[in-house]
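Residue-level listing of the chains:
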Amino acid sequence: MSMVQETIRVAAPLRAVYGRWTRFEDFPRFMEGVEEVRQVDDRLCHWRTRVAGVTREFDTEIVDQLPDERISWRTVGGDVRQKGVVSFQRLDEEHTRVSLAMDVEPQGIVEKAGDALGFLEERVRGDLQRFKRYVEDEAEGADEGWRGRLRPADAPPAMGEPVTPGSEDSPEPERPGPYPGPLPDDPHGAPHV
């Protein structure tokens, strides 16, 4: 898997920035190659993408969502393998830092070559720039998106992941560094920085 980490400063209040990110069905407005995102329920989204002429469909599951702080996800179905976490940090009344960390497994020769050339980092950087414009240009009167709390303990285990008895009572791990903790394949494991 390839790790991508990007951060951007958005000229909008934390609540507005977080709320805009939770409007998953709007992702095609700023994410290159994303044709559709359909939210199935509070945890599950179905994606259709088209990159380099290849259409893929897959599902992502939100593993952890803490309003105004972080959202982590992992793929659970389809032919795309990724996991990630996006965090939100209030800088002042009118500015928010958005940090994104993703592990992506390139599929096929074209994606592996593109990954080696840094295309994934460029795409993620571009997506964050477009998200910044999307929020800043339409900040007035924007609805707030979904503000519910989803916990890792409530998420069903990923295929092949062992179930740990009593894990629902475990305290949340410490989250040092710029990225807010474990990527979602191991919500109770050691934080990634």
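Structure: above.
In this report, the structure presented in the accompanying data block is examined. Keep in mind the model is a prediction, meaning the values are calculated, not measured. (Residues numbered from 1 in each chain as written. Predicted model: local features only at pLDDT ≥ 70, side-chain atom pairs only at ≥ 80, totals over all residues. Heavy atoms only, no water.)

Description of the overall build of the protein
- For the protein, the helix and strand inventory stands at three helices and seven strands.
- Its helices and strands taken in sequence order, the protein reads β-α-β-β-β-β-β-β-α-α from the N to the C terminus.
- With 193 residues in all, the protein has 42% of them scored as buried.
- If you take every contact in the protein between residues at least 6 apart in sequence, the share linking residues at least 24 apart comes to 54%.
- When the accessible surface of the protein is split by element, carbon and sulfur atoms take 50% of a total near 10,000 Å². (Helix = DSSP H or I, 4+ residues; strand = E, 2+ residues; numbered from the N terminus. Buried < 20%, exposed > 50% of the residue type's maximum accessible area, 1.4 Å probe, protein only. Contact = heavy atoms within 4.5 Å. Areas by Shrake-Rupley, 256 points an atom, 1.4 Å probe, with all protein chains shown as cover.)

Quick notes on unusual backbone geometry
- Phi angles above zero are rare outside glycine, and Asp68 is one such case at about 65°.
- Mapped onto the elements, Asp68 comes out in the loop between strand E4 (54-66) and strand E5 (70-78).

Some details on the packing of helix H1 (residues 14-21) against helix H3 (residues 119-137)
- Two numbers describe how H1 lies on H3: the axes approach to 10 Å, and their chain directions differ by 120°. Looking at the two axes, H1 sits oblique to H3. Handedness of the crossing formed by H1 with H3: right-handed. Side by side, H1 and H3 meet where Val17, Arg20 and Trp21 of the first sit next to Leu128, Phe131, Tyr134 and Val135 of the second. (Axes fitted to C-alpha atoms, helices over the stretch in contact; angles between N-to-C directions. Parallel < 35°, antiparallel > 145°, perpendicular 65-115°, else oblique. Left-handed = near helix turned anticlockwise from the far one by under 90°.)

Considering the pairing of strand E7 (residues 95-105)
- For E7, the tally of buried residues reaches eight of 11 residues, placing the bulk of the element in the interior.
- Summarising the sheet, strand E1 (residues 2-10) and E7 pair through nine bridges and their orientation is antiparallel. Bridge assignment links Gln5 to a residue of E7, and that residue is Ala101.
- Of the pairings in the sheet, the one linking strand E6 (residues 81-92) to E7 comprises 11 bridges and is antiparallel in character. Bridge pairing links Phe88 to Val98 in E7.
- The hairpin formed by E6 and E7 contains two residues between the paired strands. (Pairing = 2+ DSSP bridges.)

A word on the nonpolar core
- In this structure, Trp21, Phe88 and Val98 are the most contacted members of the largest nonpolar core, which totals 34 residues.
- In terms of residue count, H3 provides more of this core than any other element does, six residues in total.
- Aside from chain neighbours lying at most four places away, what touches Val98 is Glu6, Thr7, Ile8, Val10, Val17, Val86, Ser87, Phe88, Leu128 and Phe131. (Core = buried A, V, L, I, M, F, W, Y, C linked by side-chain atoms within 4.5 Å.)

Observations concerning the pairing of E5
- Counting buried residues along E5, seven of its nine residues qualify, which places the element largely inside the surrounding structure.
- Linkage of E4 to E5, two consecutive antiparallel strands, is achieved through a turn of three residues, within which Asp68 is found at a positive phi near 65°.
- Where E5 folds back onto E6 in an antiparallel hairpin, the turn is made up of two residues.

Comments concerning the pattern of salt bridges
- Scanning all chains against the criterion turns up 15 salt bridges.
- One salt bridge connects Arg70 with Asp64, and the closest N-O pair in it is separated by 2.6 Å.
- Residue Arg70 is classed as buried on the basis of its relative accessible area of 1%.
- A salt bridge links Arg90 to Glu93, with the nearest nitrogen and oxygen atoms 2.5 Å apart.
- For Arg90, a relative accessible area of 45% corresponds to the partly exposed category. (Salt bridge = Lys/Arg side-chain N within 4 Å of Asp/Glu carboxyl O.)

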